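# Secondary and tertiary structure notes
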Amino acid sequence: MSITLTYHDKIAVLDLGDGENRFTPDWLTEIDTTLDTVVAEGAHALITTASGKFYSNGLDLDWLGANGDRAQWYVGRVHALFARVLAFPLPTAAALPGHAFGAGAMLAMAHDYRLMRADRGFFCFPEADIRIPFTAGMAALIQAKLTPRAAIASMTTAHRFPAPEALSLDIIDAATDLDALTPTAVNLLTPLGVKDQGTLGAIKSVMFADALTALALP
């Protein structure tokens, strides 16, 4: 299944797909276009989720291996997605029905809130084990959202956090049954009401200025 966009009243629900939802160049383009639509249609909030056992498995390492000469371009596009979600002019929540690994976990981290399926799936930054250091932008994004204790526990260990452990470190904001995952996200965002896009985008841009600057670096 490809990316789909539906609505619960005025809350946009962007489903990343039912596969590994890796960051292929075409997938990144489709996500960006869909985010354009969410803003243009006047949504009140945004939820991202998925339909399979992965929220996202992150970078497309096969594509990178075959296109090493375009690695800087590719990482720039990934950074641009993180930056866009981090400063998105609507309230945002990532509802994780399964595994969020690497850049997939970073995409979730860029949201205002994170919810996770309670009984299955892991949240993991595997970089320490797969010998891929964080870029300055990736590190700044994660550290903008986590306490120092949680950053050390997640960034330096490659530990696979089930929902209860992730919740104990405030990596996520809630854990719930799979069937309740999106409804819980809707219930979290609905009371926030309608926010002016320009104002909210400006607030987030100031809040996360250091991370956004790091994500813009070449």
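Let me sum up the structure you'll find in this document. (Residues numbered from 1 in each chain as written. Predicted model: local features only at pLDDT ≥ 70, side-chain atom pairs only at ≥ 80, totals over all residues. Heavy atoms only, no water.)

In this section: the packing of aromatic side chains. All chains considered together, the criterion is met by 6 aromatic pairs. When the ring of Phe23 is compared with that of Trp27, the centres are 4.9 Å apart and the planes differ by 15°; the resulting orientation is stacked. Side by side, Phe23 and Trp27 carry an identical accessibility label, which is buried. Feature note: the residues Phe23, Trp27 and Phe82 constitute an aromatic cluster, connected by ring pairs. (Phe/Tyr/Trp six-rings, centres within 6.5 Å; stacked < 30°, edge-to-face > 60°. Buried < 20%, exposed > 50% of the residue type's maximum accessible area, 1.4 Å probe, protein only.)

Moving on: unusual backbone geometry. With a phi angle near 55°, Asn21 is a residue other than glycine that sits in the positive phi range. One non-glycine residue, Asp170, lies in the positive phi region at around 60°. The residue Asp170 is located in the loop between α8 (163-168) and β9 (174-176) in this model. Residue class for Asp170 comes out exposed when judged on its relative accessible area of 52%. (Helix = DSSP H or I, 4+ residues; strand = E, 2+ residues; numbered from the N terminus.)

Take helix α1 (residues 25-40) next. Residue pairs spaced three or four apart in an α-helix point in one direction, given the helix's 3.6 residues per turn. Given a rise of 1.5 Å per residue, 16 residues ought to cover 22 Å, and the 23 Å separating the end C-alpha atoms of α1 matches this to within 8%. Three or more residues of α1 are buried, namely Pro25, Trp27, Leu28, Ile31, Thr34, Leu35 and Val38. In the core, the buried residues of α1 are packed alongside β1 (4-8), β2 (11-15), β3 (45-49), α2 (61-66), α3 (71-86) and α4 (103-110). Backbone geometry just after α1 places Gly42 at a positive phi near 75°. (Expected span 1.5 Å × (residues − 1). Contact = heavy atoms within 4.5 Å.)

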